[in-house]
Amino acid sequence: MFTRDSLRGYLTNLFEAASYPFETWRGTIGLVLVTVATYALLIVSTMPEFSLQMLGDGLHWFEYVVVSLTETVYRTDGWTGLGIIVLYALLSGIAVVNVVAQLRIVGLSSLIDLSGVVPGLLASGCASCGAGLLGFLGFAGGLAALPYDGALLRVGGLALLLFFLGRAGHPERCAIATEGTK
């Protein structure tokens, strides 16, 4: 069960993880690049057939595809659907910057922390209005059978990302309290 101190510690870790990319220019640029790439991937994956047809004709259609599919997501799901995609892209950017920092500092032994983000990356890929990344993997029919058009899966994926970030905390500080610091 959560105690007041453990919840406060978790929220502190979550805040530190979310603010870490803004400590350096390198982290901020990495956050922006990963966020934009994730947003583009999620938007393009809302209608995979349309995207593949347009981009198969040439990459000069990329801007048109992103703009038209953003408008489609807004018209079908409103600000909520578009907000979920933006939030997922932002949290993915924060998570990737923190994981890269952990790998740089701790090395490959920190890959255990990735176990909390992998299901979120696959499941919340459907944070778009369609099946998303799971649709590319062939699970679109299964997602269509879910209640609320998979909205619970989207929220669950975002919760996994928040859990990962809150558990990991600041990549340059140890989130585990030792006997002497208690």
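Residues numbered from 1 in each chain as written. Predicted model: local features only at pLDDT ≥ 70, side-chain atom pairs only at ≥ 80, totals over all residues. Heavy atoms only, no water.

Draft legend 1. Molecular detail of the packing of helix α2 (residues 25-44) against helix α4 (residues 62-105). As a packed pair, α2 and α4 sit with axes 7 Å apart at the nearest point and diverge in direction by 140 degrees. With respect to their mutual orientation, α2 and α4 come out oblique. Here α2 and α4 pass one another in a crossing that is right-handed. Tallied by class, the residues present in the contact of α2 with α4 amount to 21 nonpolar, 7 polar and no charged. (Axes fitted to C-alpha atoms, helices over the stretch in contact; angles between N-to-C directions. Helix = DSSP H or I, 4+ residues; strand = E, 2+ residues; numbered from the N terminus. Parallel < 35°, antiparallel > 145°, perpendicular 65-115°, else oblique. Left-handed = near helix turned anticlockwise from the far one by under 90°. Nonpolar A, V, L, I, M, F, W, Y, C, P; charged D, E, K, R; others polar.)

Draft legend 2. Looking closely at the packing of aromatic side chains. One pass over the structure, following the stated rule, counts 2 aromatic pairs. Considering the side-chain rings of Trp61 and Tyr64, the 5.8 Å spacing of their centres and the 75 degrees angle between planes classify their relative orientation as edge-to-face. For Trp61, a relative accessible area of 29% gives the class partly exposed. Among the residues examined, Tyr64 registers a relative accessible area of 45% and is labelled partly exposed. Ring plane angle 65 degrees and centroid distance 4.9 Å describe the contact between Tyr74 and Trp79, whose orientation is recorded as edge-to-face. (Phe/Tyr/Trp six-rings, centres within 6.5 Å; stacked < 30°, edge-to-face > 60°. Buried < 20%, exposed > 50% of the residue type's maximum accessible area, 1.4 Å probe, protein only.)

Draft legend 3. Geometry of the pattern of salt bridges. This structure, assessed with the given rule, holds 1 salt bridge. Between Arg75 and Glu71 there is a salt bridge whose closest N-O contact spans 3.0 Å. Highlighted residues: Arg75 and Glu71, both in helix α4, separated by 4 residues, approximately one helical turn. Among the residues examined, Arg75 registers a relative accessible area of 66% and is labelled exposed. (Salt bridge = Lys/Arg side-chain N within 4 Å of Asp/Glu carboxyl O.)

Draft legend 4. Local environment of the confidence of the model for the protein. Scored by pLDDT, the protein has a mean of 76; 69% of the residues are at 70 or more. Confidence, expressed as mean pLDDT per element, reaches its minimum in the protein at helix α5 (residues 118-123) with 51 and its maximum at α2 with 92. Below a pLDDT of 50 lies the segment residues 123-131, which in the model reaches 39 contacts outside its immediate sequence neighbourhood of four places, other chains included. (pLDDT = per-residue confidence, 0-100. Contact = heavy atoms within 4.5 Å.)

Draft legend 5. Quick peek at the packing of helix α3 (residues 48-57) against α4. One can describe the packing of α3 onto α4 by two numbers: an axis separation of 9 Å at closest approach and a directional angle of 160 degrees. Comparing the axis directions of α3 and α4 gives the class roughly antiparallel. The crossing of α3 and α4 is right-handed. Between α3, through Phe50, Ser51, Met54 and Leu55, and α4, the contact on the second element is made entirely by Phe62, Tyr64, Val65, Ser68 and Leu69. Here the contact of α3 with α4 is built from residues that sort into 7 nonpolar, 2 polar and no charged.

Draft legend 6. The arrangement of the side chain of Thr70 in detail. Topologically, Thr70 is positioned in helix α4. When its relative accessible area of 18% is taken as the criterion, Thr70 is described as buried. Polar side-chain contacts of Thr70 include one of 2.7 Å to the backbone oxygen of Val66. Apart from residues no more than four positions distant in its own chain, Thr70 is found in contact with Tyr39, Ile43 and Leu82. (Polar contact = N/O pair within 3.5 Å; in protein donor to acceptor, adjacent residues only side chain to side chain.)

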